[in-house]
2 protein chains.
Amino acid sequence: LTVAAAAPPRILLSTAAAERLGQRIGAAWGGTAPTFVLAEQVAPGADFDLAFMTRDVTGGSTKYQVLPATQHFHDLMRNAPSLRWAQTHSAGADRPVLVDLMRRGVTVTTSSGANAAVVAQSAVAGLLALARHFPQLMAAQRDRRWAPLPQGALPRDLTGQTAVIVGWGPVGRQIGAMLSAAAMQCIAVRRSATPRADGAVETVAFEALADVLPRADWLVLACPLTDRTRRLIGAAALQLLPQGARLVNVARGEVVVEADVIAALRTGALAGAYLDVFEQEPLPADSSLWILPNVLLTPHAAGHSDGNAERAAAMFLANLTRWARGEPLVNVAA
Amino acid sequence: LTVAAAAPPRILLSTAAAERLGQRIGAAWGGTAPTFVLAEQVAPGADFDLAFMTRDVTGGSTKYQVLPATQHFHDLMRNAPSLRWAQTHSAGADRPVLVDLMRRGVTVTTSSGANAAVVAQSAVAGLLALARHFPQLMAAQRDRRWAPLPQGALPRDLTGQTAVIVGWGPVGRQIGAMLSAAAMQCIAVRRSATPRADGAVETVAFEALADVLPRADWLVLACPLTDRTRRLIGAAALQLLPQGARLVNVARGEVVVEADVIAALRTGALAGAYLDVFEQEPLPADSSLWILPNVLLTPHAAGHSDGNAERAAAMFLANLTRWARGEPLVNVAA
């Protein structure tokens, strides 16, 4: 990826992002000041070279339900003839607009890693809450009932339980570190069966997932959505889990077959789940997942944290400096 | 502590414990088979040398509300002229009956450590649930509302936050290990300012608690109840915390001044709390703690787990072998 650094780029930004980051963008670019194209002030057809889609742009939209301000930003990107690079604040590039831009030859970069620690902490929060029977105990709290768990329904010792962690990127590895500190066994599932150099965790390739599912007290999904991971966890995979296993999904809703997960929760084959992502978002009000026992559900919020905006901005600025120098960008989506 | 090993001891047990452990107790003793005094079959005044108070004995009783079967076991111990040693399944020896036995010269041993990992996991579960705003998110789930946290009310980055952990025994150290894995800073507060050899964590003595409270995003109580820790956390300590700090108490209710904690939660000086222990247990139905926002409350259940009974039994059996050999017992309460 090279660029004629002499020409300062026209950069599409929200007005809020331009106000917050304008000076730093100029400094990161280094040459003649870039031109800011403010999304709220132009119509589709306006031209620019780069776009930085910050969280204030996606706002309350989901991948499936796009609000007007978000749609406008998408339309601007779709109709800018000179657009060559778009960076998103999100960890994934699975929103349709980004997929379409990539097909058109636009370089799309993500902020993968910016909220990885946060997502990992949420995943572990959900896992521990289920392990410690918090849903039942919180229900008793709401009723002002002092109700210790009866002898026959005690939580199982977590120490020594096994978590199969699908996806061994920044999120999966940090989940692994926290669960290992809780004396759990972790098995990493990733593209290759070769363990990463930074850890001695047992590692298998995606193709060998079925071999390790029978050992999974917890199946933790922390992978990107790709052709390989789409609908990876359906009835066949769920049937390989030991009775009473539990599911954590902080990846993407499409990594599971949601109807199969619901069925397994109904029969008790799955004893519980912490789910942050869904096949449709917002999760429809008539979904059984809202009310199934032992299901903790958060609204694709596992990665939300007050430090993300700054981390994503820093990633964009570092990439902008690389772009100005004609160096390869980081976090290029494929 | 020495004993005439020739004389097989008379051991007070519940019938359930005798059935479960009788053979192993005989093997641990090693000599002529001990006599089992079954609590359900004798009246106060019955004599015995040892007692093992298992969890089935304490059952649904608390330190403050003693049910009849538990009271009977207490009465037996109080009235056995030859009782020299009593072991409890619990981590603490703060129940009045045990305190009274110690005053009388009976050696009391605890099962300290048997459920330490479990308590630590519960403490971290509560901390992470609060950090990730689970109480609000669970309320939305109950209403089937897809309600991501608004930009102005995002959870704070947990990475880099500081936990002041009061008590650096088996529970505190395991909490520290898990929080360190989440990239939090930990400060240990213990009897001595000398760090334990097994870690490089910043350490201060109880007397210096006030010096570190201003740095505590989280104040985590994991200490035994002693004269030094009783009412350690009252208004004066709470006022030293930074605005918005949060409290985790898996120690004992009397380590805090509960009215002061409630007042701090009401003003928002404390932004939340995970409380497993209370000044009175069961927590009275009219306590504000049941319904204050951002309070997670469990019924002295942080240590409950299906593996505890076996771990506590193994500890008793190991001590029994020591007793038979005239060796010093482990986990002697002072």
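Residues numbered from 1 in each chain as written. Chains lettered and ligands numbered in written order. Predicted model: local features only at pLDDT ≥ 70, side-chain atom pairs only at ≥ 80, totals over all residues. Heavy atoms only, no water.

1. Focus on the overall build of chain A
Part 1: For chain A, the count of helices and strands is 11 helices and 12 strands.
Part 2: Relative to the 2.2 N^0.38 estimate, which gives 20 Å for 334 residues, the radius of gyration of chain A is 22 Å and therefore close to what a compact globule would have.
Part 3: Projected onto the principal axes, the alpha-carbon positions of chain A cover approximately 70 × 45 × 30 Å.
Part 4: Burial status across chain A gives 56% buried among its 334 residues. (Helix = DSSP H or I, 4+ residues; strand = E, 2+ residues; numbered from the N terminus. Rg over C-alpha atoms; globule rule 2.2 N^0.38 Å. Buried < 20%, exposed > 50% of the residue type's maximum accessible area, 1.4 Å probe, protein only.)

2. Notes on the relation of the copies chain A and chain B
Part 1: You can overlay chain A on chain B at an RMSD of 0.0 Å; the transform is a turn of 180° with a shift of 0.0 Å along its axis. Look at the turn and shift together and you get a two-fold axis relating the two.
Part 2: The overlap is high: 100% of the interface residues of chain A also sit at the interface in chain B, so the same surface is used on both sides. (Least-squares fit on C-alpha atoms with pLDDT ≥ 70 in both. Contact = heavy atoms within 4.5 Å.)

3. Here's the deal with helix α6 (residues 134-142) of chain A
Part 1: F134(A), L137(A), M138(A), A140(A) and Q141(A) are the residues of α6(A) that are buried. Viewed end-on, α6(A) has its buried residues packed into an arc of 155°, placing them on one side of the element.
Part 2: On the buried face of α6(A), the contacting elements are α5 (116-131) of chain A together with α5 (116-131), β11 (270-275) and β12 (295-297) of chain B. (Arc of directions from axis to C-beta.)

4. As for the interface of chain A and chain B
Part 1: Contact with chain A, which involves 60 residues of that partner, is made by 60 residues of chain B.
Part 2: Both sides of the chain A and chain B interface together cover about 4,900 Å² of buried area, and 61% of this is carbon and sulfur.
Part 3: Inspection of the chain A/chain B interface yields two salt bridges.
Part 4: Linking R311(A) and D157(B) is a salt bridge whose minimum nitrogen-to-oxygen distance equals 2.7 Å.
Part 5: Summed over the shared surface of chain A and chain B, the result is 31 residue pairs in polar contact (both at pLDDT 80 or more).
Part 6: Elements represented by at least two residues in the side of chain A that touches chain B include exactly α5, α6, α7 (170-181) and β12 (295-297) of chain A.
Part 7: Looking at the side of chain A that touches chain B element by element, the count peaks at nine residues for α5(A).
Part 8: Of the residues that constitute the side of chain A that touches chain B, the class distribution is 35 nonpolar, 14 polar and 11 charged. (Buried area = accessible area lost by both parts, 1.4 Å probe. Salt bridge = Lys/Arg side-chain N within 4 Å of Asp/Glu carboxyl O. Polar contact = N/O pair within 3.5 Å; in protein donor to acceptor, adjacent residues only side chain to side chain. Nonpolar A, V, L, I, M, F, W, Y, C, P; charged D, E, K, R; others polar.)

5. Quick look at the sheet that holds strand β1 (residues 10-13) of chain B
Residue and element names in this part refer to chain B.
Part 1: In spatial order, the strands read β2-β1-β3-β4-β5; together these five strands make up an open sheet with parallel pairing. Here the strands that pair on one side only, and so sit at the sheet edges, are β2 (35-38) and β5 (107-109). Strand after strand, the sheet turns through a mean of 20° between neighbouring axes, direction not considered.
Part 2: Both strand β3 (residues 50-53) and strand β4 (residues 85-88) contribute to a ladder of four bridges, which runs parallel. Paired with A51 across the strands is A86, a residue of β4.
Part 3: Sitting on the sheet, helix α3 (residues 68-78) touches β1, β3 and β4, and the angle it makes with β3 is about 160°.
Part 4: Contacts from helix α4 (residues 96-103) reach β3, β4 and β5 within the one sheet, and its direction differs from that of β5 by about 145°. (Pairing = 2+ DSSP bridges. Axes fitted to C-alpha atoms, helices over the stretch in contact; angles between N-to-C directions.)

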